[in-house]
Amino acid sequence: MTEQETAGSEIKVMLVAPNWLGDAVMFSALIEYLHTNRDLSDGRKLVLQLAVRTSWAPLFKDDHRIERIVPVDRGGRHGGLLGGWNLGTDLRCLKPKAILLGPPSLRAGLAALRSG
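Scope of this entry: the structure provided in the associated data block. Sequence order as written defines the numbering, with residues in each chain counted from 1. In keeping with the predicted nature of the model, local features appear solely for residues at pLDDT of at least 70, side-chain atom pairs appear and are counted solely at 80 or more, and the whole-chain, interface and lining totals rest on all residues. Neither water nor hydrogens contribute to the side-chain values; these are computed over all heavy atoms in the structure.

1. What about the overall build of the chain?
Here comes step 1: Helical segments are the DSSP runs of H or I of at least four residues, strand segments are the runs of E of at least two, and each set is numbered from the N terminus. When helices and strands are counted, the chain shows five helices and four strands.
Here comes step 2: Beginning at the N terminus, the succession of helices and strands in the chain can be written as β-α-α-β-α-β-α-β-α.
Here comes step 3: A compact globule built from 116 residues would reach a C-alpha radius of gyration of about 13 Å, and the chain, at 14 Å, matches this within 12%.
Here comes step 4: Each of the three principal axes of the chain carries a C-alpha extent, and together these read 40 × 25 × 20 Å.
Here comes step 5: We call a residue buried when its accessible area falls under 20% of the maximum for its residue type, exposed when it is over 50%, and partly exposed in between, using a 1.4 Å probe and counting protein chains only. Counting all 116 residues of the chain, 36% fall into the buried class.
Here comes step 6: A sequence separation of at least 24 residues applies to 58% of the contacts in the chain between residues at least 6 apart.
Here comes step 7: Total accessible area on the chain stands at roughly 7,000 Å², and carbon and sulfur atoms take up 57% of it.
Here comes step 8: Neither His nor the chain ends is counted toward charge; the positive residues are Lys and Arg and the negative residues Asp and Glu. Where a charge lies is defined by one atom per residue type, namely NZ (Lys), CZ (Arg), CG (Asp) and CD (Glu). The average position of the 15 basic charges and that of the 12 acidic charges among the side chains of the chain differ by 7 Å. Here the globule rule reads 2.2 Å times residues to the power 0.38, and the radius of gyration is calculated from C-alpha atoms. Residue contacts are counted whenever heavy atoms from the two residues lie within 4.5 Å of one another. The Shrake-Rupley method, run with a 1.4 Å probe sphere, supplies the accessible areas, and residue values consider only the shown protein chains as cover.

2. Considerations on helix 5 (residues 106-115)
Here comes step 1: Considered for burial, the residues of helix 5 that qualify are Ala-108, Ala-111 and Ser-115. Taken down its axis, helix 5 places every buried residue within 60 degrees of arc, on the same side. Away from its buried face, by an angle of more than 90 degrees, helix 5 presents the exposed residues Leu-106 and Leu-113.
Here comes step 2: Those residues of helix 5 that are buried are in contact with helix 4 (83-92) and strand 4 (98-101).
Here comes step 3: Once helix 5 ends, the next one or two residues include Gly-116, with phi positive near 90 degrees. Note that the arc is defined by the directions from the helix axis to the C-beta atoms.

3. As for the environment of Ala-17
Here comes step 1: Along the polypeptide, Ala-17 turns up in the loop between strand 1 (10-16) and helix 1 (21-26).
Here comes step 2: Judged by its relative accessible area of 4%, Ala-17 falls in the buried class.
Here comes step 3: Separated by 18 residues in sequence, Ala-17 and His-35 have C-alpha atoms that sit 15 Å apart.
Here comes step 4: Ala-17 has contacts with Phe-27, Leu-50, Ala-51, Val-52 and Pro-103, leaving out every residue within four places of it along the chain.

4. Topic: the pairing of strand 1
Here comes step 1: Of all seven residues making up strand 1, five are buried, and the element is well covered by its neighbours.
Here comes step 2: Relative to strand 2 (residues 45-53), strand 1 runs parallel, the two being bridged by seven bridges. Paired with Val-13 across the strands is Leu-48, a residue of strand 2. We call two strands paired when DSSP finds no fewer than two bridges between them.

5. Examining the nonpolar core
Here comes step 1: In this description, a nonpolar core means a group of buried Ala, Val, Leu, Ile, Met, Phe, Trp, Tyr and Cys residues linked to one another through side-chain atoms lying within 4.5 Å. Ranked by size, the top nonpolar core spans 14 residues in total, and within it Leu-15, Ile-31 and Leu-50 carry the most contacts.
Here comes step 2: Taken together, the elements giving at least two residues each to this core come down to strand 1, helix 2 (28-36), strand 2 and helix 3 (57-60).
Here comes step 3: The greatest single-element share of this core, amounting to four residues, is contributed by strand 2.
Here comes step 4: Apart from residues lying up to four places away in sequence, Ile-31 is in contact with Leu-15, Leu-48, Leu-50, Phe-60, Arg-65 and Ile-66.

6. Here we look at helix 4
Here comes step 1: Among all positions in helix 4, only Gly-83, Gly-84, Asn-86, Leu-87, Gly-88 and Leu-91 are buried.
Here comes step 2: At its buried positions, helix 4 is contacted by strand 1, strand 2, strand 3 (68-72), strand 4 and helix 5.

7. Here we look at the packing of helix 4 against helix 5
Here comes step 1: The axes are straight lines fitted to the C-alpha atoms, using for helices just the contacting stretch, and the angles between their N-to-C directions are given from 0 to 180°. Here helix 4 crosses helix 5 at 35 degrees, and the two axes come no closer than 7 Å. Crossing angle aside, the handedness with which helix 4 passes helix 5 is right-handed. Here Gly-83, Gly-84, Trp-85, Leu-87, Gly-88, Thr-89, Leu-91 and Arg-92 of helix 4 lie close against helix 5, whose contacting residues are Arg-107, Leu-110, Ala-111, Arg-114 and Ser-115.
Here comes step 2: Looking at side-chain class alone, the contact of helix 4 with helix 5 contains five nonpolar, five polar and three charged residues. The handedness criterion is simple: a crossing whose near helix is rotated anticlockwise from the far helix by less than a right angle is left-handed, and one whose near helix is rotated clockwise is right-handed. As a working rule, the residues Ala, Val, Leu, Ile, Met, Phe, Trp, Tyr, Cys and Pro are called nonpolar, Asp, Glu, Lys and Arg charged, and the rest polar, with Gly in that last group.

Any functional reading would require information that these geometric values do not contain.
Right, dumping it as structure tokens:
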């Protein structure tokens, strides 16, 4: 285990919410599960971050379970052919240890791959 992974450290987990409103709302069950089980047996702690469509971001803005919200702008920077690549570049800056994908899409997979 590296020094950053010792007891008491945090593991950043990026959650990529689904694109449809109903699916994004149901995704909150996963957020609750991870938040409830955020304290790991080895002393580390999960820190949840959420990438969500700009239009659904207000639903999560006051959610105490989420450390950071990354707005996904499908009509701008994160749209078009390079949208998944650009999203991955933006997520890479946050240095997540793991990414959980809500949407079963090539775009979301490309963003996860690009984020490292």
